[in-house]
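Listed below are the residues making up each chain.
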Amino acid sequence: MELVTPDADCLACFEPPPPLLLEGIAQFNRGEYFEQHETLETLWRAEHRGVRRLYQGILQIGVAFHHLRRSNHHGTVYMLARGSMYLRRFPPVCQGVNVAALLEAADRALGEVERLGPRRLQEFDWRLAPRVELVGGKE
């Protein structure tokens, strides 16, 4: 039987959320999608471990909604799919972020965006826009 030891990337999920992550999440949840991108990009660029993909995934899902506001169907679909791809490698909770809930919400939003198509994008129900939840209520 092979023993699996946690790598540094996995262990990073047990760390508390860095201050810039908390700031970016607050911006995301207020609908400040451009600003959250700037904040989380700073964190993503500074981090060299695999947990940087957590930050990148969150920021790209946020960028999708920046594109949605601008009626950019392709950008919305691409960023929702790409951001979700980065997040799928993480456990359900990482650095306090409820990754599983964010993925579910992003998938629901993507389904609606695809259903609406480019011509009806302005009909998107913004109640479907995800929020980033923190386990422990720090959001």
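Before any of the text, the structure's been laid out above.
Residues numbered from 1 in each chain as written. Predicted model: local features only at pLDDT ≥ 70, side-chain atom pairs only at ≥ 80, totals over all residues. Heavy atoms only, no water.

1. Considerations on the nonpolar core
And then number 1: In this structure, Leu-54, Ile-58 and Phe-65 are the most contacted members of the largest nonpolar core, which totals 39 residues.
And then number 2: Mapped onto this core, the elements with two or more residues apiece are helix 2 (19-29), helix 3 (33-46), helix 4 (52-69), helix 5 (73-87) and helix 6 (99-116).
And then number 3: Looking at this core element by element, the count peaks at nine residues for helix 4.
And then number 4: If we skip the residues at most four places from it in the chain, Leu-54 touches Leu-87, Phe-90, Cys-94, Gln-95 and Val-99. (Core = buried A, V, L, I, M, F, W, Y, C linked by side-chain atoms within 4.5 Å. Buried < 20%, exposed > 50% of the residue type's maximum accessible area, 1.4 Å probe, protein only. Helix = DSSP H or I, 4+ residues; strand = E, 2+ residues; numbered from the N terminus. Contact = heavy atoms within 4.5 Å.)

2. Here's the deal with the environment of Gln-95
And then number 1: Tracing the backbone shows Gln-95 in the loop between strand 1 (93-94) and strand 2 (97-98).
And then number 2: The sequence separation of Gln-95 and Val-135 amounts to 40 residues, and the corresponding C-alpha distance is 8.9 Å.
And then number 3: Non-local contacts of Gln-95, meaning those with residues more than four positions away in its chain, are made with Ala-12, Cys-13, Glu-15, Pro-16, Pro-17, Pro-18, Leu-21, Val-51, Leu-54, Tyr-55 and Leu-134.

3. Looking at the pattern of salt bridges
And then number 1: Inspection of the entire model under this criterion finds eight salt bridges.
And then number 2: Arg-45 serves as the salt-bridge partner of Glu-41, at 3.4 Å between the closest nitrogen and oxygen. Pair noted here: Glu-41 and Arg-45 are both in helix 3, with a separation of four residues, about one helical turn.
And then number 3: Where salt bridges share partners, they join Glu-15, Glu-47 and Arg-49 into one cluster. (Salt bridge = Lys/Arg side-chain N within 4 Å of Asp/Glu carboxyl O.)

4. As for unusual backbone geometry
And then number 1: Even without being a glycine, Ser-71 presents a positive backbone phi close to 60 degrees.
And then number 2: For Ser-71, the location among the structural elements is in the loop between helix 4 and helix 5.
And then number 3: Of the residues examined, Ser-71 reaches a relative accessible area of 45% and is grouped as partly exposed.

5. Some words on the state of the cysteines
And then number 1: Summed over all chains, the structure comprises one disulfide.
And then number 2: Disulfide partner of Cys-13: Cys-94, at an S-S distance of 2.1 Å. An S-S torsion of about -85 degrees defines the bridge between Cys-13 and Cys-94 as left-handed. Of the two residues, Cys-13 is situated in the loop between helix 1 (8-12) and helix 2 and Cys-94 in strand 1; the sequence distance between them amounts to 81 residues. Side by side, Cys-13 and Cys-94 carry an identical accessibility label, which is buried. (Disulfide = S-S within 2.5 Å.)

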